[in-house]
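Geometric and topological summary
Each chain, written out:
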Amino acid sequence: MATTESPVPPLNDVDIVRLAQRKQPTNNHQQSNVSLPPYLLSSHSHTPILSYLHSRATSPSPSSAVCEYVISLLSLISLSPETPSVSSLLSSLLSSYTQIFPALPHDSNSLKTINFFNTLLIHVPLDDLKSVIDSVASNLSGVVTVDDAQLFDLFPQCFELIRNAEEKGGDYVNSVMDKILDSKWSKGFLLKMVSIAKDFSFLDKMRGKEFLEKVFAGIKNVDLMDLPSLVYQLLVLASKGFNKREVIEGIVWFFGSELGSKMTSTVRQVEGTVLLHVNFAVKQDPSLGKEVMGLVKSDLRAFNHFTLAVLLSVSRVRRFSESSIAVLKAALLTAYRDYKFTKDCRWIPDDIKEEYLKSVEVVEKSVLRAVNESNYGKEHMVPSILQFGFILLESVGEVNFKELCNSHGLLGIEELGIQMLKTLFEVHDMARNEIIGQIKFRILSLKPELSRPIIRLLCHLIQCYPYPMLEHIPRLKELLDYFTLMDGKVASYLVSALLPLIRFSRDLKDYTILVVRKAVFRREDTVRLAATNSIIDLILAEKQPKGDDLFSFQDSSSQASCSQQADIPCSMGGGLFQELSALLQRCLYQQAKVKEVMYQGLVKLILVDPSIGGLVFDFLLPHFLQFFKEGPDVQLRVSSCIKSESGKVLIQEPLDWLLSCLSWILLLQTHGKTDKLSDSIGACFGFSLSQENEDGRNLSSEVFSGALLKIRKFLRNANLEEILGQTHDASSAAVHEEKRKCCALILSGVVEVVLNTIAMDLEKATDQNKVELEKELIQFVDLHDSLTKDACTSRQSNVSKRMNLRATAYDTPDNIDSGNTKLIQEHIPFLATSSIYQLLQIALKLYSSESFDIEATSQNHAQSSLSKASTSCLKIVSFALNASLHLVKSSAVVGNEDPLKKLIYGEINMLGPPLLRLTLLLKSESNDATSKKKKESKAKKDAEERKEHLHLALVCLKEMITISLCSSRLTGLLENLLSVSQLQYAGLHDECDLASDIDDQDIRNKELFIVKFLKPLLTELMKLSAFRTVEILCDIILMIGHKLPCNRRNSHGAWAIHICKTSDTTNSSIAKSMVRLAINSSSSPTDLLVAQDMLKELLKFMGSNSGDSLQVSEYLLINQSTATAVASCLLQITDTVIVDMDWGTKKLKTASQVAQKSTHLNQNEEHNSGLAFEENLYSRVKAVVEVLSSFVLMSLKDTQAEHFLRLTTRFYKHLAQMSKLRIAPKGHKQLLPSLQFQKLVELTCKQLTIPLYNFVAEMQQAQQENARSKGIINKIKRENKCIPDLIFQIEDYEKYLIRLTKATKVNLLKHAKRSTSRDFKILDPTTVAREEDPPNNDANPNNSGGNGNELCSDSEDNEGNGSENVLSPQSGNPLAEESECDTGDIASVPTVKRVKRSRIVQDSDDEDQE
């Protein structure tokens, strides 16, 4: 039966939705039975189906309507997508949807629809896919939000399908990407592209860089809340190998620079979230952590607060816990070192110095900001910050920038670490226990010098946060338990740090006293010293006023509550001196050093609380009476103060320290007739004493006052031999002599105490009494001089080494380092500043009168009558200068917080003017003595002693200026010195007028001091050939001149150059000092130009053809007598310049690596700065070549020649590194070498390399001629090592020039000599020593040279191949070409095998590949 075909019933949109819902398979078994309705298989149905889509798009709720309809259609299409008509419907539907998408709402429905399309793209024809891509890409301007870019989710799969289906599909995809990269991106499109970029596996490195540049250029417009997700997507992208370095660099650059200026809490929270993402990404892909560390390693400019935070966050990953912190530490230390180097470097421009200063400031601010913001979602970094802070404190010993930081407002390593940990302690309660635990651990485990910053941290925490620290007292008590096991200084510092907290805790006070009490009974001397210091500190803390700066507390946000404070004792109570007097009593029976510390401590107690003077006197009286016996004849038992132990004589009782303590206490007590004296002392030292207990004079004070007067009278009238003869006993002569010296040393200290008292009396005396006191003072100075001669050995100078005896005489048998703080190198002097000032005034008065008297009596030929007065004058001058020098040196090691600082040292700058006046007077006397040419032995001795005093006076001034420079007190000192009448010198008036016109007071004072005093003094002293004083003056001019601006410093350099040209001295020391002053006072490039001029003049006396000894140099300073010394000085200066080259080469390498890898950090201005630095360096190196080219023409001495070879080797090593850096690595564009570099290469080849081989040959020839001279064997052994090193570095340098020539097609070696034989013969010491053996039998020469004709070879692989003859010194010039070598020469040369150097060259190649 035949059937007729009925028409296909049409379906509307509702039918299609209902059909799709009904045909959805419920399980896998039913799916194969589901078929499409015939209507959808018909091609005529496509038009109405698509019309329903457009009609739904215009409905009131188009989002859900279109989504429902399109998903229904796609679900039906997915049942049979391979059918041609269905595939066509899919393509049409996709195209229509992309057309109406801009008009639809962009929400979850549209995203759901696009995701469904993504599953069916494989069934869409390629041409239709391309049309869809082109349509979407052309509508890029309509994308504003990230939802507007939903259609771009189709791109990854579309690109993959096109690339896999067509041979040229990749070209199409690349063209689309180029179009997208060239267009303008909105912030929504940027977010979308970052999210889908991980699927763009086809992107090459260049397009990847363009993509990231586009991303980081537009990231500033992204909303803050979108930044964490964006960074996370970028990190995912990087973890897939997509330009990791650029991704990390861009993130760091944006958050550190662009977003870093915004300090809002929202920004900080966003940064915290981003850091968590980075931490997680590094855990998943450790290579990202290496990229972060590599970024900071290669370029310090990448260091900012966010970089620091990233590294601290990364350090929480176990793999990077140590390396990340190490990178941070290295970056910090590098910043400080670079700034210190550039600040002191003359050839670096000021703008580059400013850059390095800003770099250090940025580093410090970044560290502090990262720590301050650690509580904004960054709490996971707290352990890393804590670790980093303590590592910085441990690094203080590695660098010393305290002076540099103080003068430029920088914190420095130590202060930065303390600030970090203080902030953590204040902000994060959870970190406090760990900080205290780390402090305890490190104080106990570190070396004493490294634990000092840790104790300073503890001191800061106690002073700033005393109430929170009370919670940690149990742990501090545990730390005190190790008191006897610590280093003595560390133990003393620890107790000092705890003193402010002891005020708040009676428990801690009692426990500290218990620990100290136990320590006093220990056998170790360092522990006893530390315990004595701690006892004094405890008593001082009790007496200290609460408002004192030393123990004042800052307001803290972490103060205890009212309920907590109620349980805190407010004070420790009084009477601690009486409570601890038993312990102090025990100190009186211990070593001399312990007693010294206690005596000084008692003076400090009186300074703080004068009312306890009576208690101190009662305490000391029984002990004092052991050494002083009052009666008809006063007895001072000095012999009881020394003892003999194991054949070594030691001082058991420092009687001079005891008397000094008593005299100061008596002077500080306000009673009876000493009111005016106390007032004058208070005015002198800047404090006033209490008037309490004015009428409470006790028996002890009267006994001491009378005893000191009797001792003073006894010493004035006593016979020195009787006192020193008390030491005679049955011991050996050597022990007796040592006892005598120790007694003399003690007595000399006692005399100094008496002199201090007399000087104090002299200050307030009337005119009648002053004459008597001055006579008495002179008498005691004579006595001191005699005692000093007894105390000094025959090998020690009376002028310069007396002060060194005291430290050795008080040593214990074990000769161990004491725990006494700062008083071992230079003990606190017995004479105060005001006393020494009086001594200097008397010395000036006597010297002036003695000079006048000598001049008057010399005319009457009665000079012998003043011999005694002259001797006394010289003695008091010597004593005053030695006392001044001792005071100045010791002031540098006594802390400003020490109470004795103000009492003894006072205003130390007041010594400057009398020292300068005495210097001028001594100079004039030396000048007169020289002009008269006295021939008497006594007169000659006095003249030499005056020169010694002049030297000592200048040493004192130099020490004062050095200390003032370190403490920023130079301006005040110079103002005092400028008050002295200036020297009369030709042309001085004009220079002073010019210096007086300077506006800056600091610069004006420095300039005036140099012009008015230092220059005339130096000129006059050069005429006197006082070489030691000239050296000191040159050092002072350099010290002060270093602080002057460049133009002022250059003027002094020009003056020094003029002196070098006009002074015809033959003294080598003066010549070296003046050459150093002339060059170091000149800025770059003048300094090396001056060195070149001097070297040209040196060639007249040290050149190979310098046979005429009557030649005259343009620099009169350079002559036959001084030539060797000047050459050595110039070699040393050249050596320092080559050291500068080392730093410059490293910076060039860093800049080169940054330029190759950096994207965001290599800005145009930074690039220009790098070029300027490179040109400056090349210019400096050219000047060094000029200098070395003069040395190579000289006949240098053995040690000078060896020094020259070694520094030339280092120089060529730096040249090789510079040439290597000019070669572009693979994948980078090769740039042509700059003209400056080409000129440098040409100059090196012409003037240095070729003559250098002649220099080596002449050296070896001289060796062979002098083979029988003494010491030649050791010299040959040394040169056998340095000459091959030099040749290797030269060839290594030329190897890189050859490679650079091939890469740039610029012939850099056109001026090098071709076919050069670089072989040389290393003389065997055994051959040289045995003259009877033929040289060719025992010689074992080694050839480290390479083929000189490398430039002519086509390949570097042939370097070093073949064999050549080894030339001996007899064969003539080793630079002669091989064709010029005749048969006779060859026959006379021993033949040896050439040592191949292919391994060395290969190592260099490997290094280059790295």
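Keep in mind the model is a prediction, meaning the values are calculated, not measured.

The next point concerns the overall build of the protein. A count of helical and extended segments in the protein gives 62 helices and 4 strands. A total of 1410 residues make up the protein; the buried ones form 54% of that total. Of all intrachain contacts in the protein linking residues separated by at least 6 positions in sequence, the fraction that spans at least 24 positions is 79%. Total accessible area on the protein stands at roughly 62100 Å², and carbon and sulfur atoms take up 49% of it.

All right, on to helix α8 (residues 126–138) then. The end-to-end C-alpha distance of α8, which contains 13 residues, comes to 18 Å, matching closely the 18 Å that a straight helix rising 1.5 Å per residue would cover. Listed in full, the buried residues belonging to α8 are Leu129, Lys130, Val132, Ile133, Val136 and Ala137. Down the axis of α8, the buried set is contained in an arc of 160°. They therefore lie on one face. Packed against the buried residues of α8 are α6 (84–100), α9 (155–165) and α10 (169–182).

Take the pairing of strand β3 (residues 642–645) next. Judged from the 4 bridges that link them, β3 and strand β4 (residues 648–651) form a sheet pairing that is antiparallel. If you follow glutamate 645 over to β4, its bridge partner there is lysine 648.

It is worth spelling out the nonpolar core at this point. Counting 434 residues, the largest nonpolar core has Phe211 and Met1074 as its most contacted members. Among the elements that line this core, the one with the most residues is helix α39 (residues 733–764), at 15 residues. Excluding residues within four positions of it along the chain, phenylalanine 211 makes contact with Leu181, Trp185, Met193, Val194, Ala197, Leu237 and Phe242.

To continue, consider a negative patch on the surface. Taken together, Asp350, Asp351, Glu354 and Glu355 make up a surface patch of like negative charges. With respect to the element layout, glutamate 354 can be found in helix α19 (residues 350–372). We classify glutamate 354 as partly exposed; its relative accessible area is 42%.

Attention now moves to the packing of helix α28 (residues 506–520) against helix α29 (residues 525–543). Relative orientation of the contacting elements α28 and α29 amounts to 145°, with a least axis distance of 8 Å. Judged by the twist between their axes, the crossing of α28 over α29 is left-handed. Contact with α28, carried on its side by Thr512, Ile513, Val516, Ala519 and Val520, involves Val527, Arg528, Ala531, Ser534, Ile535 and Leu538 of α29 and no other residues of that element. Classifying every residue of the contact of α28 with α29 by side-chain character gives 8 nonpolar, 2 polar and 1 charged.

Glancing now at unusual backbone geometry. Most peptide bonds take the trans configuration, and most residues that are not glycine carry a negative phi. A cis geometry characterises the amide bond from serine 1084 onward to proline 1085, with omega recorded as 0°. Turning to its location among the elements, proline 1085 is positioned in the loop between α52 (1068–1080) and α53 (1086–1102). A positive phi angle, close to 45°, is found at asparagine 243, a residue other than glycine. Relative to the elements of secondary structure, asparagine 243 occurs in the loop between α13 (227–239) and α14 (244–258).

Here we come to the confidence of the model for the protein. Predicted confidence across the protein gives a mean pLDDT of 77, with 77% of residues reaching 70 or more. Confidence drops under a pLDDT of 50 for residues 856–866, and excluding neighbours within four residues, the segment shows 7 contacts in the predicted structure.

In this section: a nonpolar patch on the surface. Residues Leu444, Tyr482 and Leu485 make up a contiguous nonpolar surface patch of roughly 290 Å² in combined accessible area. Following the sequence through the fold, leucine 444 ends up in helix α23 (residues 432–445).

What follows is about the packing of aromatic side chains. Tallying each qualifying case throughout the model produces 31 aromatic pairs. Here phenylalanine 152 and phenylalanine 155 contribute two aromatic rings whose centre-to-centre distance is 4.7 Å and whose plane-to-plane angle is 45°, an arrangement assigned as tilted. Take phenylalanine 155: its relative accessible area is 2%, and that puts it in the buried class. Aromatic pair phenylalanine 1211 and tyrosine 1212: ring centres 6.0 Å apart, planes at 75°, arrangement edge-to-face. In this structure, phenylalanine 1211 and tyrosine 1212 share a single accessibility class: buried.

A few words now on the pattern of salt bridges. For the coordinates displayed, the defined rule picks out 45 salt bridges. Note that aspartate 344 and lysine 340 form a salt bridge whose closest N and O atoms lie 3.9 Å from each other. With aspartate 344 and lysine 340 both in helix α18 (residues 321–344) and 4 residues apart, this pair spans about one turn of that helix. Assessed through its relative accessible area of 33%, lysine 340 is described here as partly exposed. Bridged by salt links that share partners, the residues Arg268, Glu271, Arg369, Glu373 and Lys378 form one connected network.

What follows concerns α52. Here α52 is 13 residues long and its end C-alpha atoms lie 18 Å apart, about the 18 Å a rise of 1.5 Å per residue gives. When we look at burial in α52, the residues that qualify are Ile1070, Ala1071, Ser1073, Met1074, Val1075, Leu1077, Ala1078 and Ile1079. Sitting at the amino-terminal end of α52 is asparagine 1067, which places a side-chain oxygen 3.0 Å from the backbone nitrogen of serine 1069.

Before going further, it helps to spend a moment on the side chain of arginine 442. Mapped onto the elements, arginine 442 comes out in helix α23. Sequence-distant contacts of arginine 442, that is, excluding residues within four places in its chain, are made with Phe390, Glu394, Ser451 and Ile454.

Here the focus is the packing of helix α15 (residues 265–284) against helix α16 (residues 286–298). Across the interface, α15 lies against α16 with an axial gap of 5 Å and an inter-helix angle of 120°. Considering the angle they form, α15 stands oblique to α16. Residues Ala281, Val282, Lys283 and Gln284 of α15 pack against Pro286, Leu288 and Gly289 of α16. Tallied by class, residues from the contact of α15 with α16 come to 4 nonpolar, 2 polar and 1 charged.

This paragraph deals with the environment of asparagine 1080. Here asparagine 1080 shows up in helix α52. In this structure, the C-alpha to C-alpha distance between asparagine 1080 and arginine 1049, residues 31 residues apart in sequence, is 9.3 Å.

About the criteria used
- Residues numbered from 1 in each chain as written.
- Predicted model: local features only at pLDDT ≥ 70, side-chain atom pairs only at ≥ 80, totals over all residues.
- Heavy atoms only, no water.
- Helix = DSSP H or I, 4+ residues; strand = E, 2+ residues; numbered from the N terminus.
- Buried < 20%, exposed > 50% of the residue type's maximum accessible area, 1.4 Å probe, protein only.
- Contact = heavy atoms within 4.5 Å.
- Areas by Shrake-Rupley, 256 points an atom, 1.4 Å probe, with all protein chains shown as cover.
- Expected span 1.5 Å × (residues − 1).
- Arc of directions from axis to C-beta.
- Pairing = 2+ DSSP bridges.
- Core = buried A, V, L, I, M, F, W, Y, C linked by side-chain atoms within 4.5 Å.
- Patch = residues over 30% accessible without salt bridge, like charges linked within 9 Å, V, L, I, M, F, W, Y side chains within 5 Å.
- Salt bridge = Lys/Arg side-chain N within 4 Å of Asp/Glu carboxyl O.
- Lys, Arg positive; Asp, Glu negative; His and termini not counted.
- Charge placed at Lys NZ, Arg CZ, Asp CG, Glu CD.
- Axes fitted to C-alpha atoms, helices over the stretch in contact; angles between N-to-C directions.
- Left-handed = near helix turned anticlockwise from the far one by under 90°.
- Nonpolar A, V, L, I, M, F, W, Y, C, P; charged D, E, K, R; others polar.
- pLDDT = per-residue confidence, 0-100.
- Phe/Tyr/Trp six-rings, centres within 6.5 Å; stacked < 30°, edge-to-face > 60°.
- Polar contact = N/O pair within 3.5 Å; in protein donor to acceptor, adjacent residues only side chain to side chain.
- Parallel < 35°, antiparallel > 145°, perpendicular 65-115°, else oblique.

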